[in-house]
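Chain by chain, the residues run as shown.
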Amino acid sequence: MRVLGARRPASPSGHDLDDQERTRPLSRRGWPRRLARGIAKVLAVIILVFAAGIGLLFLLTPSAGEATALAAAQAREHHIAYPGPPVPQYFAQALVATEDHRFYADPGVDPLALIRVATSWITGHTDGGGSTIDQQLAKNLYTSGHSSFTQIVEQVAMAVKLNRTYSRAEILRLYAEIAYYGHGYYGLQSASCGYFGRPPAELTLVQAAMLAGAVNAPTYDDPLAYPAQARARLVHVIDRMTAVGYLTEEQQAAALNAPLGLSAVRGCQ
């Protein structure tokens, strides 16, 4: 037992043991955990600030009730009928499978995708993925198709508003009516009649899948101007429809072997 007030024996080197303990380097084994905690705290702060900004924008951004008026204005600008026809099942399935497979469950935004995008911005990378159908609709209606950082934040706020205001079927119809499909075709009715000479309700599976795939890059996936690129995109859409359960493997194989059936006559008769 140590006597009160007694000094601890010096080490053979002549240095006090307490001095050695104080100057001993800290163990490096715990640094990964400390680093992870630091990163988690930074991300938490970023998410909180982002959420606060979204809350403020929720108050400052326009009403989602204006969406139909904005869509009608775009339809007049492109000289197409509004409202357009109901969205056919194959088109809806192809669009959801390719653009937003959690469309029927998410609140208008994908929280995990938002975290990934926010992290990419912080680290200096560009990650454009993770945009839901609601966000894409907000982009086209409210920010003129542009996506600066502040506009992306605005799109997130508007996507939540749109999700709360309209049904899933209404969101798909609004999206289909204002989307650009390449070759000068705006709106599903115009694109369906222009490419295939038939109304949307009569589209085959591959025709609907091609149109749903074209909205991602309408200039480069135009089947009339770039048939090889359009075909590659079509294969991707069919594969995604199979992956999320809309098509069986047998239906997938049949679709990939089916003719696209582009019409030589532009417009519905």
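Reading guide: rules and limits
Residue numbers restart at each chain and count upward from 1, following the sequence in its written direction. Only residues with pLDDT of at least 70 get local features here, since the model is predicted, and only at 80 or more are side-chain atom pairs given and counted; chain-wide, interface and lining totals rely on the full set of residues. Side-chain numbers come from the whole structure's heavy atoms, not from hydrogens or water. One speaks of a salt bridge when a side-chain nitrogen belonging to Lys or Arg is within 4 Å of a carboxyl oxygen belonging to Asp or Glu. Each helix is a run of H or I in the DSSP string that is no shorter than four residues. Each strand is a run of E no shorter than two, and both are numbered from the N terminus. Categorising residues by exposure relies on relative accessible area from a 1.4 Å probe, with only protein chains included: less than 20% of the type maximum marks a residue as buried, more than 50% marks it as exposed, and the intermediate range marks it as partly exposed. Patch definition: residues with relative accessible area over 30% and no salt bridge; like charges joined within 9 Å; nonpolar side chains (Val, Leu, Ile, Met, Phe, Trp, Tyr) joined within 5 Å. Here, Shrake-Rupley sampling with a 1.4 Å probe gives the accessible areas, and only protein chains in the shown set may cover a residue. Counting rule for disulfides: a pair of cysteine sulfur atoms within 2.5 Å. A contact between two residues is defined here by any heavy atoms of the two lying within 4.5 Å. Each nonpolar core is a collection of buried residues, namely Ala, Val, Leu, Ile, Met, Phe, Trp, Tyr and Cys, held together in the definition by side-chain atoms within 4.5 Å. Pairing of aromatic rings covers Phe, Tyr and the six-membered ring of Trp, with a centre-to-centre limit of 6.5 Å; geometry is then stacked below 30 degrees between planes, edge-to-face above 60, and tilted otherwise. We call a charge positioned above a ring when the Lys NZ or Arg CZ atom is no farther than 6 Å from the ring centre and deviates by at most 35 degrees from the ring normal.

Undergrad: How would you summarise the pattern of salt bridges if you had to cite specific residues and measurements?
TA: Evaluation of the coordinates by the stated rule reveals three salt bridges. Among the ionic pairs, arginine 233 bridges to glutamate 99, the shortest N-O distance being 3.3 Å. With arginine 233 in helix H11 (residues 227-243) and glutamate 99 in helix H4 (residues 89-99), this pair connects stretches of sequence that are 134 residues apart. For the residue pair arginine 233 and glutamate 99, the accessibility class agrees, reading buried in each case. In this structure, the salt-bridge partner of glutamate 177 is arginine 173, at a minimum N-O distance of 3.4 Å. Of this pair, glutamate 177 and arginine 173 both sit in helix H8 (residues 168-178), separated by four residues, roughly a single helical turn. A relative accessible area of 10% places glutamate 177 in the buried class.

Undergrad: Lay out a nonpolar patch on the surface in plain terms, naming residues and giving numbers.
TA: On the surface, a cluster of nonpolar side chains totalling about 320 Å² of accessible area is made up of Trp31, Leu35 and Ile39. By secondary structure assignment, the location of isoleucine 39 is in helix H2 (residues 31-60).

Undergrad: Residues and numbers for the state of the cysteines, please.
TA: This model, assessed by the stated rule, comprises one disulfide. Between cysteine 193 and cysteine 268 runs a disulfide, and the two sulfur atoms are separated by 1.8 Å. Residues cysteine 193 and cysteine 268 are joined by a disulfide whose S-S torsion is about -90 degrees; by sign, that bridge is left-handed. Linking cysteine 193 in helix H9 (residues 188-196) with cysteine 268 in the segment after helix H12 (249-257), this pair joins segments that are 75 residues apart in sequence.

Undergrad: For the side chain of aspartate 100, give the residues involved together with the corresponding values.
TA: With respect to the element layout, aspartate 100 can be found in the loop between H4 and helix H5 (111-122). Filtering out sequence-adjacent residues up to four positions away, aspartate 100 remains in contact with Leu95, Asp106, Thr132 and Ile133.

Undergrad: Now, about unusual backbone geometry: what can you tell me, with residues and values included?
TA: In this model, tyrosine 82 is joined to proline 83 through a cis peptide bond whose omega is -5 degrees. Looking at where proline 83 falls in the secondary structure, it is placed in the loop between helix H3 (67-77) and H4. Of note, the phi angle at serine 144 is positive, near 55 degrees, even though the residue is not glycine. Considering the arrangement of structural elements, one finds serine 144 in the loop between helix H6 (133-142) and helix H7 (149-165). Judged by relative accessible area, which is 59%, serine 144 ranks as exposed. Of note in this structure, histidine 183 is not a glycine but carries a positive phi near 60 degrees.

Undergrad: Before we move on, can you summarise the nonpolar core with the specific residues and values?
TA: Within the largest apolar cluster, 47 residues are counted, with the highest numbers of intra-cluster contacts made by Phe91, Leu162, Tyr181, Leu211 and Met241. Of all the secondary-structure elements, those providing two or more residues to this core are H3, H4, H6, H7, H8, H9, helix H10 (205-214) and H11. Examining the composition of this core, we find that eight residues originate from one element, H10, more than from any other. Other than its neighbours up to four places away in sequence, phenylalanine 91 contacts Ala176, Tyr181, Leu188, Ala208, Leu211 and Ala212.

Undergrad: Which residues make up the packing of aromatic side chains, and what values do they have?
TA: Throughout the structure, instances matching the rule amount to six aromatic pairs. Taking 6.4 Å as the distance between ring centres and 50 degrees as the angle between the ring planes, the aromatic pair formed by phenylalanine 91 and tyrosine 181 counts as tilted. With phenylalanine 91 in helix H4 and tyrosine 181 in the loop between H8 and H9, this residue pair connects regions lying 90 residues apart in the sequence. Accessibility assignment for this pair places phenylalanine 91 and tyrosine 181 in one class, buried. Of the aromatic side chains, those joined through ring pairs into one cluster are Tyr185, Tyr195 and Phe196. The side chain of arginine 168 reaches across the aromatic face of phenylalanine 103, ending 4.1 Å from its centre.

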